[in-house]
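This is what each chain is made of:
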2 protein chains.
Amino acid sequence: MAASVRKVVDKVPEPTLRRLPWYLSNAKLMKERGETFVSSTQISRQINIDASQIAKDLSYVAISGRTRVGYQIDQLITVLEDFLGFTNMHKAYLFGVGSLGGALLRDTGLAHFGLEIAGAFDVNPDLVGTTIGGIPIHHSDDFEEYMKNSDVNIGVLTVPINIAQEITDKMVAGGIKAIWNFTPFRIRVPEGIVVQNTSLYAHLAVMFNRLNENKRNNL
Amino acid sequence: MAASVRKVVDKVPEPTLRRLPWYLSNAKLMKERGETFVSSTQISRQINIDASQIAKDLSYVAISGRTRVGYQIDQLITVLEDFLGFTNMHKAYLFGVGSLGGALLRDTGLAHFGLEIAGAFDVNPDLVGTTIGGIPIHHSDDFEEYMKNSDVNIGVLTVPINIAQEITDKMVAGGIKAIWNFTPFRIRVPEGIVVQNTSLYAHLAVMFNRLNENKRNNL
């Protein structure tokens, strides 16, 4: 296997990064069905993306397909999981144990994709000192102390918008290198800090708008 | 107010739809701080988006700013919430009460943004007949029956990838018009059906990748 896998250090375009998990889930599905090889043409038919685009995307992860038979499925899964970072556990602290924050603490699925939430922070005295999904909730004031002895470098932001920037600044000052922002607030960070925005509410807005558009057009 | 609000039926670009919730949260924040007017220049400084882009985006929602003083904040909030569909309650059924599905049922935040999950479907006998967050869980086989007497037109997809397409087909056959797809599987739907993909795992992949890139570059 080593021969056909090489380290690629080019910057991977975000659209490619967003499509790779589709290929991964498709490969897992094919494996479940007992297949051992899959070609980009086969993937293309199943998920409705151009085969040439798939081949181009997969060129980033440095796996070689064989003419006619395509990619070896087990290898494709291993290489994609590794490339996407799902096999390394990344540790995170979550800030704001409200409705969404609490829900994420309970979502054991994240751990299967490489994210371990090591602890949560809030100021609510009813929450501090308790656990959700086995994850301890600390007082926000103790964040810096916890950072000192930890290898956590990701912060999950699920606080109310009025403190989103303040908590972001606090995270960055404490040493957090990447922020997964679930708030609809556009946070500002210094250069070199990664921000991944996942506003469920923005996605809802897009969906509602498209739905109403179709209604108007009687689709 | 009526004079400055008009119905706009042009297709709104998705990037605009994704930015509008940022302006909404910013306006709410300004209101909290006691402000009554906000200009696109002020919003621009706070959230780091070109003022001209903000003005262009806001032209879709048909609110007029006044020279020098800008937009009236209360009106901006009302018009944006209405435009984004957060003031109308949209009913949804959720499919697949696993870890993420259960978490979404517990997330009361969705209702504040216009999404009411009216019921959930699963085949797990331990779950069917119970409720989570007050939402009843029915057997998947009863979905069509429930659709007959309901005004639900949105389906939330949180099933395992190996049945994602099958459940999608079932939803569409039952009359669902928009699917909020949380699986990393790329589902296929007939024309006229809205799909909103929100793969938390794809977002994780992007974040991990950027984080590792920065590490390599010693940022």
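This is a predicted model, so every value here is computed, not measured.

A word on unusual backbone geometry. Peptide bonds are trans in most cases, and residues, glycine excluded, mostly fall at negative phi. One non-glycine residue with positive phi stands out, namely N48 of chain A, at about 65°. Inspection of the secondary structure puts N48 of chain A in the loop between α2 (40-47) and α3 (51-60).

Below, the discussion takes up the environment of R68 of chain A. Among the secondary structure elements, R68 of chain A is positioned in the loop between α3 and β2 (71-72). Looking at R68 of chain A, the relative accessible area reads 80%, which means it is exposed.

Residues and elements named next belong to chain B. Here we have seven strands laid out as an open sheet, ordered β5-β6-β4-β3-β7-β8-β9, and mixed in their pairing. Strands with a single pairing partner mark the edges of an open sheet, and in this sheet they are β5 (131-132) and β9 (194-197). Where strand β3 (residues 90-95) meets strand β4 (residues 115-122), six bridges bridge the pair, whose relative direction is parallel. Pairing of F95 across the sheet is with F121, part of β4.

Residues and elements named next belong to chain B. Where β4 meets strand β6 (residues 135-139), three bridges bridge the pair, whose relative direction is parallel. In the strand pairing of β6, F121 is matched with H138. Taken together, the two bridges between β5 and β6 define a ladder with antiparallel strand orientation. Across the sheet, residue T131 finds its bridge partner in β6, namely P136. In this structure, the hairpin formed by β5 and β6 is closed by a connection of two residues, where G133 is found at a positive phi of approximately 55°.

What follows concerns the interface of chain B and chain A. Taken residue by residue, the interface counts 72 residues in chain B and 72 residues in chain A. Taking both sides of the interface into account, the surface hidden between chain B and chain A amounts to around 6800 Å²; carbon and sulfur atoms contribute 66%. Per-residue buried area on chain B facing chain A is highest for R186, H203 and M207 of chain B; these three make up 10% of the total on that side. The interface formed by chain B and chain A includes one salt bridge. The shortest N-O distance in the salt bridge between K11 of chain B and E213 of chain A comes to 3.3 Å. For the pair chain B and chain A, the interface holds 24 residue pairs in polar contact (both at pLDDT 80 or more). Per element, the largest residue contribution to the side of chain B that touches chain A is 17 residues, and it comes from helix α9 (residues 200-216) of chain B. Residue composition of the side of chain B that touches chain A, grouped by class: 38 nonpolar, 20 polar and 14 charged.

Moving on, we get to the side chain of Q196 of chain B. With respect to the element layout, Q196 of chain B can be found in strand β9. Residues within four places of Q196 of chain B in sequence aside, it is in contact with H203, V206 and M207 of chain A together with R18, I179, W180 and N181 of chain B.

Now for empty space enclosed by the protein. Taken as a whole and assessed by the stated rule, the structure comprises one cavity of 30 Å³ or more. Considered as a void within the structure, the largest cavity measures approximately 60 Å³ in volume. What lines the largest cavity is L100, A103, L104, F182 and L200 of chain A together with L100, A103, L104, F182 and L200 of chain B. Counting only elements with at least two residues in the lining of the largest cavity, the list comes to α5 (99-106) of chain A together with α5 (99-106) of chain B.

Now for the environment of H203 of chain B. With respect to the element layout, H203 of chain B can be found in helix α9. On the basis of relative accessibility, which here comes to 4%, the residue H203 of chain B falls in the buried class. Along the primary structure H203 of chain B and V152 of chain B are separated by 51 residues, whereas in three dimensions their C-alpha atoms are 28 Å apart. Excluding residues that lie within four positions of it along the chain, H203 of chain B makes contacts with R18, W180, Q196, N197, T198 and H203 of chain A. Within polar-contact distance, the side chain of H203 of chain B engages the side chain of R18 of chain A at 3.0 Å.

Cut-offs and rules
- Residues numbered from 1 in each chain as written.
- Chains lettered and ligands numbered in written order.
- Predicted model: local features only at pLDDT ≥ 70, side-chain atom pairs only at ≥ 80, totals over all residues.
- Heavy atoms only, no water.
- Helix = DSSP H or I, 4+ residues; strand = E, 2+ residues; numbered from the N terminus.
- Buried < 20%, exposed > 50% of the residue type's maximum accessible area, 1.4 Å probe, protein only.
- Pairing = 2+ DSSP bridges.
- Contact = heavy atoms within 4.5 Å.
- Buried area = accessible area lost by both parts, 1.4 Å probe.
- Salt bridge = Lys/Arg side-chain N within 4 Å of Asp/Glu carboxyl O.
- Polar contact = N/O pair within 3.5 Å; in protein donor to acceptor, adjacent residues only side chain to side chain.
- Nonpolar A, V, L, I, M, F, W, Y, C, P; charged D, E, K, R; others polar.
- 1 Å grid on protein atoms, 1.4 Å probe; cavity = no way out; pocket = protein on both sides within 12 Å on 5 of 7 lines; lining within 4 Å.
- Points joined across faces, edges and corners; volume = space filled by probe spheres on them.

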